[in-house]
Amino acid sequence: MAQVTRVTEHGGGVWSIPVPIPDNPLGHTLVHLLDTDRGPVLIDTGWDDPTAWDTLTAGLAACGTSVAEVHGVLVTHHHPDHHGLSGQVREASGAWIAMHAADAQVVRRTREAEPSRWLLYLEEKLSAAGAPEEHLAPLRAARAAGRAGLPGQRPALPDREIVPGELLDLPGRRLRAVWTPGHTPGHVCLHLEEAHPAAGEGMPGHGRLFSGDHLLPEITPHIGLYEDPDDTTVIDPLGDYLDSLERVAALAPAEVLPAHQYAFTDAPARVRALLSHHEERLAGLLTLLTTPLTPWQLAESMEWNRPWEQIPYGSRNIAVSEAEAHLRRLVKLGRAEAVPGSNPVMYQAI
């Protein structure tokens, strides 16, 4: 049985429901409910887990509605703590599911790929990044045993597309899609272009922004290289993210409603802090790269929220991906380069 769900009413037909993420320090995903003239619409749904489902349904009841009444689901991005329960919501209500085309493509490929393909891809990717044999061995063992590579191998396929710049088809509401790639290739924020309920009290800004994982009040979102075995396009997710931050700051929303932590104001100030953080981090990495390093060695040397020795196995994979995204940015800026002939590849500052 789920515990009593404490929902937050934000005014103007907007609520948030904290849906738990199992065994994750983030704690929960804030699923937002937006009332429309055609019925409630959810922004994200939470992790595919029985306790999360019970919490979501109890939260909807606390908001005065039910899952059967949900008209649609807007997914900010494809990660399982946001998209996980979308299929179950659709089964229970007949709701449509909408997502940006780039993330819908990721979902499609994830559903179609052989599980062992992901394990082989991860093994090859980490090997090329300079991961030690003891880190690669469990991947080889899992592949030999026929185990699956990623959680949520059958995420729900969306049936509608969120088109950047367009108003969504939500009767009685003005909600516009803002493409904010970086955390994922198809991440979107959703700008509610309506007067904030506190506008009459002098609150500055323009409407409210459902920011997903793009803009959080205290956490710096993970920016890594997108995991796709079949796409060899050279991308710059960190550059995309920094550009997307500027786009969101220009909206100057009165309030930001993120998918984790809590609602906050002054989005431009938060954007400035994140831009400064990444500039400082890139400068710090250049100092480390005065000695040639592999992506794995760079990740080992970077500052994280705990010492490298205490970082769990799966989180080390994420850390290496983040190191690679920063390296990709430095190379694109002409501030670092690959060492010719190095294998695994090493990078050095220019």
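Before reading on, note that the structure itself is shown above.
Below is a summary of the structure that appears in this document. (Residues numbered from 1 in each chain as written. Predicted model: local features only at pLDDT ≥ 70, side-chain atom pairs only at ≥ 80, totals over all residues. Heavy atoms only, no water.)

### Comments concerning the pattern of salt bridges
Inference 1: Taken as a whole and judged by the stated rule, the model has 13 salt bridges.
Inference 2: Among the salt bridges present, the one from arginine 281 reaches glutamate 322, with a minimum N-O distance of 3.1 Å. In this pair, arginine 281 sits in helix α8 (residues 267-288) while glutamate 322 sits in helix α10 (residues 313-332), placing the two residues 41 residues apart along the sequence.
Inference 3: Of the residues examined, arginine 281 reaches a relative accessible area of 14% and is grouped as buried.
Inference 4: Connected via shared salt-bridge partners are Glu123, Glu133, Arg140 and Arg143. (Salt bridge = Lys/Arg side-chain N within 4 Å of Asp/Glu carboxyl O. Helix = DSSP H or I, 4+ residues; strand = E, 2+ residues; numbered from the N terminus. Buried < 20%, exposed > 50% of the residue type's maximum accessible area, 1.4 Å probe, protein only.)

### Observations concerning the packing of α8 against α10
Inference 1: It is at 11 Å that the axes of α8 and α10 come closest, and there the two elements cross at 85°. Relative to α10, α8 is oriented roughly perpendicular. Facing His278, Arg281, Leu282, Leu285 and Leu286 of α8, the residues of α10 in contact are Glu322, His326, Arg329 and Leu330.
Inference 2: Its residues placed into classes, the contact of α8 with α10 shows 4 nonpolar, 2 polar and 3 charged. (Axes fitted to C-alpha atoms, helices over the stretch in contact; angles between N-to-C directions. Parallel < 35°, antiparallel > 145°, perpendicular 65-115°, else oblique. Contact = heavy atoms within 4.5 Å. Nonpolar A, V, L, I, M, F, W, Y, C, P; charged D, E, K, R; others polar.)

### Notes on the packing of helix α5 (residues 115-128) against α10
Inference 1: Contact geometry for α5 and α10: axes closest at 11 Å, N-to-C directions at 55°. Considered as vectors, α5 and α10 are oriented oblique to each other. By crossing handedness, the relation of α5 to α10 is classed as left-handed. In this structure, α5 uses Leu122, Lys125 and Leu126 to contact α10, whose residues at the interface are Asn317, Val320, Ser321 and Glu324. (Left-handed = near helix turned anticlockwise from the far one by under 90°.)

### Focus on the packing of aromatic side chains
Given two aromatic rings, their pairing is described by the distance between the two centres and the angle made by the two planes.
Inference 1: As enumerated under the stated definition, the model contains 1 aromatic pair in all.
Inference 2: Taken together, a centroid distance of 5.5 Å and an interplanar angle of 85° make the contact between tryptophan 296 and tryptophan 308 edge-to-face. With a gap of 12 residues between them, tryptophan 296 in helix α9 (residues 295-301) and tryptophan 308 in the loop between α9 and α10 connect regions that are remote in the sequence.
Inference 3: For tryptophan 308, a relative accessible area of 8% gives the class buried.
Inference 4: The aromatic ring of tryptophan 304 is capped on one face by arginine 281, whose charged end is 4.7 Å from the ring centroid. (Phe/Tyr/Trp six-rings, centres within 6.5 Å; stacked < 30°, edge-to-face > 60°. Lys NZ or Arg CZ within 6 Å of the ring centre and 35° of its normal.)

### Quick word on empty space enclosed by the protein
Inference 1: With the rule as written, the count across this model stands at 1 cavity of 30 Å³ or more.
Inference 2: Its volume calculated, the largest cavity comes out at about 30 Å³.
Inference 3: Looking at the largest cavity, the residues that line it are Leu30, His32, Ile43, Asp44, Thr76, Phe210, Ser211, Gly212, Leu257, Pro258 and Ala259.
Inference 4: Looking at the lining of the largest cavity, the elements with two or more residues in it are β3 (28-34), β10 (208-212) and β11 (255-258).
Inference 5: It is β10 that contributes the most residues to the lining of the largest cavity, 3 residues altogether.
Inference 6: Grouping the amino acids of the lining of the largest cavity by side-chain chemistry returns 6 nonpolar, 4 polar and 1 charged. (1 Å grid on protein atoms, 1.4 Å probe; cavity = no way out; pocket = protein on both sides within 12 Å on 5 of 7 lines; lining within 4 Å. Points joined across faces, edges and corners; volume = space filled by probe spheres on them.)

### Overview of the pairing of β10
Inference 1: Of all 5 residues making up β10, 5 are buried, and the element is well covered by its neighbours.
Inference 2: Relative to β10, strand β9 (residues 188-192) runs antiparallel, the two being bridged by 3 bridges. Looking across to β10, one finds that histidine 191 is bridged to leucine 209.
Inference 3: As paired elements, β10 and β11 share 4 bridges and run parallel to each other. Each residue of the ladder has a partner; that of glycine 212, found in β11, is proline 258. (Pairing = 2+ DSSP bridges.)

Remember, this is a structural readout, not a statement about activity or role.
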